[in-house]
Amino acid sequence: MKRNSILLTALLMVAAAPVLRADEGMWIPMLIEKYNINLMQEKGFKLSAEDIYSINKASMKDAVVIFGGGCTGEFISDKGLLITNHHCGYSNIVNHSTLEHDYLTNGFWAMSQEEELSNPGLTITILKYMEDVTLRVQEGIKENMTEDEKSELIRKNTDAICKKAVEGTHYLAQVKPFYMGNQYFLFVEEVFKDVRLVGAPPSAIGKFGGETDNWVWPRHTGDFSLFRVYANAENKPADYSKDNVPYKPAYHFPVSIKGVKEGDFTMVFGYPGSTREYAPSSYIRMIKDVINPNLIAIRDAKISIMEKAMATDPLIRLQYSSKKSGLANSWKKWIGEKQGLEKMDAVGKKEAYEAEFQKWASSEPVRNEKYGKILEEYNSIYERYKEYYLVNSFTNEVFISGPASLSLASSLSRLPAMLQKNDQNLPNELNRLKNTVKSFQKSVNIPADKKIFVAVLQLYHDKIDPKWQAESFKALYAEYNGNLVKMAEKLYSTSILFDSVKVSRLLGNFNKHAVARLSRDPLFQLSKGAITLLDTSVRPELSKMDRQLQVLDRNYMAALMEFDKNRVFYPDANFTLRVTYGQVKGYESRDAVSFEPVTTVKGIIEKDNPAIYDYDVPDRLKELYNNKDFGRYGSNGQMPVCFIGNNHTTGGNSGSPVLNAEGQLIGINFDRAWEGVASDIMYNPAQSRNISLDIRYALFLIDKYAGAGYLINEMTIIQ
C-alpha cells in the first residue's frame, strides 16, 4: 500500500508540473530538476538545477544557512562573512549593548577581525545533503497496526536512518515528514558554534519605522546585520577560540549591484518555518474567529505598556526592545492574517472546495469508506480543539511569556518534581536557570512588569472560562476582591524572585528545604497552579487531539492528491531548505491605492521625525542623501532601499538570499506585505508580496555610512 501511495504522489506531481505557477509554492531543492527548472528558465532563470542544489559540486545550497534557531543567512565572501536580517541578529546586538556602548542605538562596526564580537550560544547550520527516505521510514508498517504502533516503528526506523547517516562524522541528522506524513526526507547538517558579530546599522536604520512599518509596504528599513563564521585549522566546527580562523564556505554568493526593475526574475532560497496551505475550513475558522482575536487582545495590552515605559528611559528601552519586538511581530501578523482571510473569504472558498471533495469522496463506495468521513471528523475535533487550544495559548501568554515575574516563576515550576524524581538533568537545568535569573535581574523594570502583571491577569479573568482558570489565581483574586493592583504590590514585595542573591543561593543548593522555601513564594504558587492545570487537564487532551489530527491530515493530503489531479501540490513549510521563485512586482492594496515595487532613501527623508524614536533619521544618512553621495550603489540619482516580489515566503525566510536570474545576490528577504500575510494559510496571488532589502542599500551603508569598505573588498561584486 505505501509503495502505491508514494507512486501516486510522484505521478500527481509530474502531472501537475506543466501548470505550476511561478508565484506560489515552496519547493524542495533536490527536486528542482524534475519539477521546476523548465518553468524557472521560461521565467528568465539562466542557470541549471545543479547550480541550485548539488552533492557533486559546490552549489548555492552550500551558501545558505540556518541562522540561530529561526532565521536564514547566507555567505557573501570566502572568509565566512555572512549576512542576515537585523531583526535576526537583534538579540545578539542587544546582548552586547550597554548604556556606555549602546550598539542597538548607535550601531556596531568591527574595523578588523580582531574587533568582532563572539556570541555564545549562537549557531549556524549548513545542509550537507538531503535524501528521500520514505520507503526506509515506512519499512515494516502494516495495515492492521494501530497508529501508536506505526508511530513507534517510524520513530525506530528514523533513529536508525539518522544514526547510520552520521556514523563516523561530526554531522547531525534529522528526518522530517512532508505532505503531512506521506513522504519523508533525511537532512544531514553541519553546525558551527563560533559566530561573531561583524556589523549592524543603528536601530534608526536597521529597525527604521519600528512596529508601525512592520508587515507593511512601502518599506524603508535597512534590515541587515553581518556576522562571521569561524572554524578550526581544518575548516571544521569548533567551540570559540582565539586560534580559530574564518570559515571557508564551499560556495558564497556573488553580489550584484546592477539593480532590479519590475518584472525581473527573483528566487528566494531559505528556511520557511510553517504553513497550513491544505488546512480544512474548520481550522481556518478557529484561527480567524477564536484564536487570533484573543491573542491580539492580550498582546495589545503588553505592547502598549512596554512602549509607554520605553519612551521614558533609555535603559528601559534597552531592557524591553527585544521583548517588545518579539511580541509585536506575531501580534501584527495575526491582525493582518485575520483581515486577509476575511477579505479573501477563505472559509467560504474552502467550504466550496470541500463540498466538491465530499461529493467526489461519497460517489464511490471504496472512496467513501476511505475518505467520506474526513471532513466530518475534522469539524468534530476542531469544535472541541479550539477551546483547549485557546486555554493553552492564552495561559502561556499570561504565565510563560507574560510579565517577567511570572515567566521566571514558571521556569522554576518543574524543579521540585525533578528533585523528587532524582532527574539526571537537574544539574544542567539549575545552571541554565542561574543564567535566567541573571538575565531577569538585568532586563526587568519592576514598575512596568507590575503593570503588565495587572493587565494580563485581568484579561485572564475576563476572557477565560472560570473552569479553565487556575485555582491559585481564583483564590488570590477572591482574597483581594478583584483588586489586581493591590495583589501585584503584595506579591512583588514578598516574593524572593526579585532578590538575586536569595534565588542564586536557592538554586546553588537545591534540596528539599529549597523546595519548601520556593513553594511558599506567592508568585511561584500562582504560576505553579497555572502550569499544573495545563499539564493535567489541557495539554494531555490537546496531545490526544493532535494525534487524531495528524492521522486525518495524512489521509486528507493523500485524498486531495487523488481528487484534485490538476492542482499544484507543494509540501507545507517545515523549516527545511526550500526554493521559491517569482518576479519583482507591485500590487494594488485597495481601491485607488497601488504600490510601485521599489523604495528609495527619499522615502526615509520624507518620514524623518526626530520626535519619534523609530523615525529619527541619523544625521550622517541625511548628509549623504543631501550630497547625493551614493557612490556606485545609487541609481538615477537615488539610493534604492527595498523592493517587493511575489515570491511565496513565510517566517523563517527572514534573512534569505534573494537572487536574480544569474544566481547573484540582489537582496535580503525580511518581511511580507500586510495584505498578503494570510498566505501561510491561503495564498493570494494579487497581494502576497515578500519584502526585501536591496543589497545595494546594505553595501552603501557598510561602505559610505560606516566606512567599513574593507568588508566590500571581501565580496565578489558584479557591476
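J.: Would you take a moment to explain the pattern of salt bridges for this structure?
T.: Oppositely charged side chains are able to pair whenever their charged atoms sit close together. Across all of its chains, the model carries 39 salt bridges by this definition. Residue E351 is joined to R285 by a salt bridge in which the shortest nitrogen-to-oxygen separation is 2.4 Å. Highlighted residues: E351 in helix 13 (residues 346–362) and R285 in helix 11 (residues 281–310), separated in sequence by 66 residues. Here E351 falls in the partly exposed class, since its relative accessible area comes to 37%. The class of R285 is partly exposed, set by a relative accessible area of 32%. Taken together, the shared-partner salt bridges in this structure form one network comprising K333, E337, R672 and D680.

J.: Please explain the environment of E541 as it appears in this structure.
T.: Within the secondary structure layout, E541 lies in helix 24 (residues 522–563). E541 sits 157 residues away from R384 along the chain, and the two C-alpha atoms are 9.9 Å apart. The contact partners of E541, leaving out residues within four places of it in the chain, are R384 and Y388.

J.: Quick question: what am I supposed to make of the packing of helix 11 against helix 19 (residues 446–463) here?
T.: For any two helices packed against each other, one specifies the inter-axial angle together with the distance between the axes. Interhelical geometry of helix 11 versus helix 19 gives an angle of 165° and a closest axis separation of 9 Å. Relative to helix 19, the element helix 11 is oriented roughly antiparallel. Viewed along their axes, helix 11 and helix 19 form a crossing whose handedness is right-handed. Where helix 11 approaches helix 19, its residues N294, A297, I298, A301, K302, I305, M306 and A309 are matched on the opposing element by A448, K451, I452, A455, V456, L459 and K463. Its residues assigned to classes, the contact of helix 11 with helix 19 shows eleven nonpolar, one polar and three charged.

J.: I would appreciate a short explanation of the confidence of the model for the protein in the present structure.
T.: Detailed reading of predicted coordinates is not advised where the pLDDT is low. The pLDDT averaged across the protein works out to 94; a share of 97% of its residues lies at or above 70. For residues 1–20, every residue scores under 50 in pLDDT, and the model assigns this stretch 33 contacts once sequence neighbours within four places are set aside.

J.: Please clarify how helix 12 (residues 314–344) should be interpreted in this entry.
T.: With 31 residues, helix 12 extends 42 Å from end C-alpha to end C-alpha; this agrees with the ideal 45 Å at 1.5 Å per step. Along its length, helix 12 reaches its greatest deviation from straightness, about 45°, at Y320. Structurally, the start of helix 12 carries an N-cap: the backbone nitrogen of L315 is 2.7 Å from a side-chain oxygen of D313. In the stretch just after helix 12, D345 is the one whose phi turns positive, near 55°.

J.: Explain the state of the cysteines to me, please; I cannot follow it from the model alone.
T.: Here, disulfide denotes a covalent bond that connects the sulfur atoms of two cysteines. Per the stated rule, a full pass over the model turns up one disulfide. In this model, C71 is linked to C88 through a disulfide, with the two sulfur atoms separated by 2.1 Å. Its torsion about the S-S bond being -80°, the disulfide of C71 and C88 is classed as left-handed. With a gap of 17 residues between them, C71 in strand 2 (residues 71–75) and C88 in the loop between strand 3 (81–84) and helix 5 (90–95) connect regions that are remote in the sequence. Each member of the pair C71 and C88 is classed as buried. C88 supplies the cysteine sulfur nearest to C642, a cysteine that is in no disulfide, at a spacing of 15 Å.

J.: I would appreciate a short explanation of the side chain of N292 in the present structure.
T.: Checked against the element boundaries, N292 lands in helix 11. Separated by 3.5 Å, the side chain of N292 and the backbone oxygen of W334 make a polar contact. When residues no more than four places from it in sequence are discounted, the contact partners of N292 are I287, W334, E337 and K338.

J.: Explain unusual backbone geometry to me, please; I cannot follow it from the model alone.
T.: Negative phi is the rule for most residues except glycine; trans is the rule for most peptide bonds. Cis rather than trans, the peptide bond between W217 and P218 has omega equal to 10°. Structurally, P218 is set in the loop between helix 10 (210–213) and strand 10 (225–231). Although it is not a glycine, W215 adopts a positive phi angle of roughly 70°. When you line up the elements, W215 lands in the loop between helix 10 and strand 10. Positive phi, close to 60°, is recorded for F575, a residue that is not glycine. Positionally, F575 belongs in the loop between helix 24 and strand 14 (578–583).

J.: Explain helix 22 (residues 500–508) here, please?
T.: At 3.6 residues per turn, the α-helix brings residues three or four places apart onto the same side. Looking only at helix 22, the buried set comprises V503, L506 and L507. Within helix 22, the buried residues cover an arc of 95° as seen down the axis, which keeps them to one side. For helix 22, the exposed residues lying more than 90 degrees away from the buried face are R505 and G508. Of the residues that open helix 22, the one with a side-chain oxygen 3.1 Å from the backbone nitrogen of V501 is D499.

The rules behind these values
- Residues numbered from 1 in each chain as written.
- Predicted model: local features only at pLDDT ≥ 70, side-chain atom pairs only at ≥ 80, totals over all residues.
- Heavy atoms only, no water.
- Salt bridge = Lys/Arg side-chain N within 4 Å of Asp/Glu carboxyl O.
- Helix = DSSP H or I, 4+ residues; strand = E, 2+ residues; numbered from the N terminus.
- Buried < 20%, exposed > 50% of the residue type's maximum accessible area, 1.4 Å probe, protein only.
- Contact = heavy atoms within 4.5 Å.
- Axes fitted to C-alpha atoms, helices over the stretch in contact; angles between N-to-C directions.
- Parallel < 35°, antiparallel > 145°, perpendicular 65-115°, else oblique.
- Left-handed = near helix turned anticlockwise from the far one by under 90°.
- Nonpolar A, V, L, I, M, F, W, Y, C, P; charged D, E, K, R; others polar.
- pLDDT = per-residue confidence, 0-100.
- Expected span 1.5 Å × (residues − 1).
- Bend = angle between axes of the 7 residues up to and from the residue.
- Polar contact = N/O pair within 3.5 Å; in protein donor to acceptor, adjacent residues only side chain to side chain.
- Disulfide = S-S within 2.5 Å.
- Arc of directions from axis to C-beta.

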